[in-house]
Amino acid sequence: MSEFLQFPSNFLWGVATSAHQIEGDNTLSDWWAWEHSPLRIKKLESKGAYPPDFQSGKAADHWVHWKEDSELIKGLNCNAYRCSVEWARLEPRDGEWDVNAAEHYRKEFKTLQDSGIRLVVTLNHFTLPLWAAQKGGWAHKDTVSRFVRFAEFAFGAFQEFTDYWVTLNEPVIYAAKSYLQGEWPPQKHNFFLFLTVLRNQIWAHRVIFQRLHAKDVYCQVGIAKNNQFFGAFHEGSKVDRAFALASGFLWNRWFLNKLGQKFDFLGLNYYFLNRVHFPFVSSIKEGFVSDLGWSIYPQGIEKVLLDLARFGRPILITENGVADREDHLRKEFIRGHLYYIHRAMQKGANVKGYFHWSLLDNFEWSEGFGPRFGLYEVDYNTFERKARPSALYYAQICKNNGIEI
Ligand code: BGC
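Residues numbered from 1 in each chain as written. Predicted model: local features only at pLDDT ≥ 70, side-chain atom pairs only at ≥ 80, totals over all residues. Heavy atoms only, no water.

A few points about the overall build of the protein chain
Within the protein chain one finds 14 helices and 15 strands. Here the C-alpha atoms of the protein chain give a radius of gyration of 20 Å, agreeing with the 22 Å that 2.2 N^0.38 yields for 405 residues. Residues classed as buried in the protein chain amount to 59% of the 405 residues present. The contacts of the protein chain with a sequence gap of at least 6 include a subset with a gap of at least 24, amounting to 77%. Only carbon and sulfur atoms are counted for the fraction: they give 54% of the accessible area of the protein chain, which is about 16,800 Å². (Helix = DSSP H or I, 4+ residues; strand = E, 2+ residues; numbered from the N terminus. Rg over C-alpha atoms; globule rule 2.2 N^0.38 Å. Buried < 20%, exposed > 50% of the residue type's maximum accessible area, 1.4 Å probe, protein only. Contact = heavy atoms within 4.5 Å. Areas by Shrake-Rupley, 256 points an atom, 1.4 Å probe, with all protein chains shown as cover.)

In structure tokens form, the structure reads like this:
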């Protein structure tokens, strides 16, 4: 017998995207420069890859197709949307604002607002203006004041449309991939810089929280944090269990503790399972596995949410999704995660909304255009959007404000 799990009447049902991944022609950003650098191109070619598959180019051409995309969001019966505004477009040169770019976002946001869509705006989703990166990026302390100035500009320009502000997307992932693992620009392997970047991001978040509240005491400012479930490889091993606990604490709580309660809500980005086999942590393949090799583990989101609930703030699930070109897994992925989210809510987690990653197929950072996370499939030659079957399933959930289990 099936059961219907109802969500609260004001629950936010949304989809999430980020500017660089969908807009296209983000030519003044550090990522664009890196994607076109001779070194990166040579490296891709040496692996037999075709460089344009790893260059954002027109991405999903959302800068042009934004009206159509607003219709797609409405068509999913969503009442919310999470996106980011691109710092490199809005401040193409140090201290110079592009009013046309701001106007473009305002038009898009107004269209969404007029359709009853609540907006979550991220101020920094990994990419920097090239000029800021050339001046040292997040490893330089002046990026803090520059980013604060940008946040104040964005607040002035988009405040009337924005319900929730996310200062930074996944700061720990960013710092690790860009400054420890050397995978993302500026491709460093330096523990000291890694810590410096985290410190600067924490500092920037805290200042922005205060500045935006000084402008509007009721504004909602938070952060989108990638939190993960760490399970012991051998359940019977005390060492593995203790190491799993410690990894969870370090990865999930350390950064948030440093924010000193300066957030009105917490954003959770949740994707996959980690298994811990002392002294290693790996995203081992277990159960259903996505096109990126990530193990799907919906049970984990309940535990991660209950842990996050200890901070005593409302939670938005700012990202949750799966790379699944053939759309075999996405429906079950959504159903499973919503089931465990609902359970966490019954146990006290104050979850206010769910944003599926992603509305459309998009540019997946160093993985290029291969992984397909979209509820809508994008044809990268014509930019035609086509609903995958899971899009219709999600639209039903949003409409019914709940799921059939
Ligand atoms: C990021 C997105 C990314 C997604 C899938 C998250 O870590 O915020 O930008 O596309 O994961 O990898």
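Quick look at the sheet that holds strand 4 (residues 118-124)
Ordered by their spatial adjacency, 8 strands build a closed barrel running 2-3-4-5-6-8-11-12, and the pairing between neighbours is parallel. Each strand axis lies, on average, 25 degrees off the axis of its neighbour in the sheet, ignoring direction. Both strand 11 (residues 315-319) and strand 12 (residues 351-357) contribute to a ladder of 3 bridges, which runs parallel. Note on strand 12: the bridge partner recorded for Ile315 is Val351. Seen against the sheet, helix 12 (residues 299-308) touches strand 8 (265-269), strand 11 and strand 12 and runs at an angle of roughly 160 degrees to strand 8. The strands that helix 13 (residues 330-346) touches are strand 2 (12-16), strand 11 and strand 12; relative to strand 12, the one it contacts most, it runs at about 165 degrees. (Pairing = 2+ DSSP bridges. Axes fitted to C-alpha atoms, helices over the stretch in contact; angles between N-to-C directions.)

A word on a negative patch on the surface
Together, Glu68, Asp291, Glu326, Glu377, Asp379 and Glu384 make up a negatively charged patch on the protein surface. With respect to the secondary-structure elements, Asp379 resides in the loop between strand 13 (376-378) and strand 14 (385-387). Residue Asp379 is classed as partly exposed on the basis of its relative accessible area, which comes to 32%. (Patch = residues over 30% accessible without salt bridge, like charges linked within 9 Å, V, L, I, M, F, W, Y side chains within 5 Å. Salt bridge = Lys/Arg side-chain N within 4 Å of Asp/Glu carboxyl O. Lys, Arg positive; Asp, Glu negative; His and termini not counted. Charge placed at Lys NZ, Arg CZ, Asp CG, Glu CD.)

Overview of the site of the ligand
Taken together, 13 residues lie around the ligand, and Gln21, Asn169, Glu170, Glu319 and Glu364 are the ones closest in. Between the ligand and His125 there is a distance of 2.8 Å, counted from an oxygen atom to a side-chain nitrogen or oxygen. Interatomic distance of 2.8 Å between a side-chain N/O atom of Glu319 and an oxygen atom of the ligand. Protein coverage of the free-state accessible area of the ligand, which is 310 Å², stands at 94%. Taken together, the residues that form the shell around the ligand break down as 6 nonpolar, 4 polar and 3 charged. (Near = heavy atom within 4 Å. Polar contact = N/O pair within 3.5 Å; in protein donor to acceptor, adjacent residues only side chain to side chain. Nonpolar A, V, L, I, M, F, W, Y, C, P; charged D, E, K, R; others polar.)

Let's talk about the sheet that holds strand 9 (residues 273-277)
Overall, mixed pairing links the 3 strands, which are arranged 7-9-10 in an open sheet. Each of the sheet's edge strands pairs with one partner strand only, and the pair in question is strand 7 (229-232) and strand 10 (280-282). When the angles between neighbouring strand axes are averaged without regard to direction, this sheet yields 30 degrees. Pairing of strand 7 with strand 9 involves 4 bridges; the strand directions are parallel. The partner of Ala232 across the bridge, within strand 9, is Val276. Helix-sheet contacts for helix 11 (residues 238-258) involve strand 7, strand 9 and strand 10, and the interaxial angle to strand 7 is about 170 degrees.

What about helix 10 (residues 191-215)?
For helix 10, with 25 residues, the first-to-last C-alpha span of 36 Å sits near the 36 Å given by 1.5 Å per residue. A distance of 2.9 Å separates the backbone nitrogen of Phe192 from a side-chain oxygen at the start of helix 10, and that oxygen is part of Asn190. (Expected span 1.5 Å × (residues − 1).)

Things to note about the packing of helix 9 (residues 171-179) against helix 10
Relative orientation of the contacting elements helix 9 and helix 10 amounts to 150 degrees, with a least axis distance of 9 Å. It follows that helix 9 is roughly antiparallel to helix 10 by the angle criterion. Here helix 9 and helix 10 pass one another in a crossing that is right-handed. Contact residues: Pro171, Val172, Tyr174, Ala175, Ala176 and Tyr179 in helix 9; Leu193, Phe194, Val197, Leu198 and Gln201 in helix 10. Broken down by class, the residue content of the contact of helix 9 with helix 10 amounts to 10 nonpolar, 1 polar and no charged. (Parallel < 35°, antiparallel > 145°, perpendicular 65-115°, else oblique. Left-handed = near helix turned anticlockwise from the far one by under 90°.)

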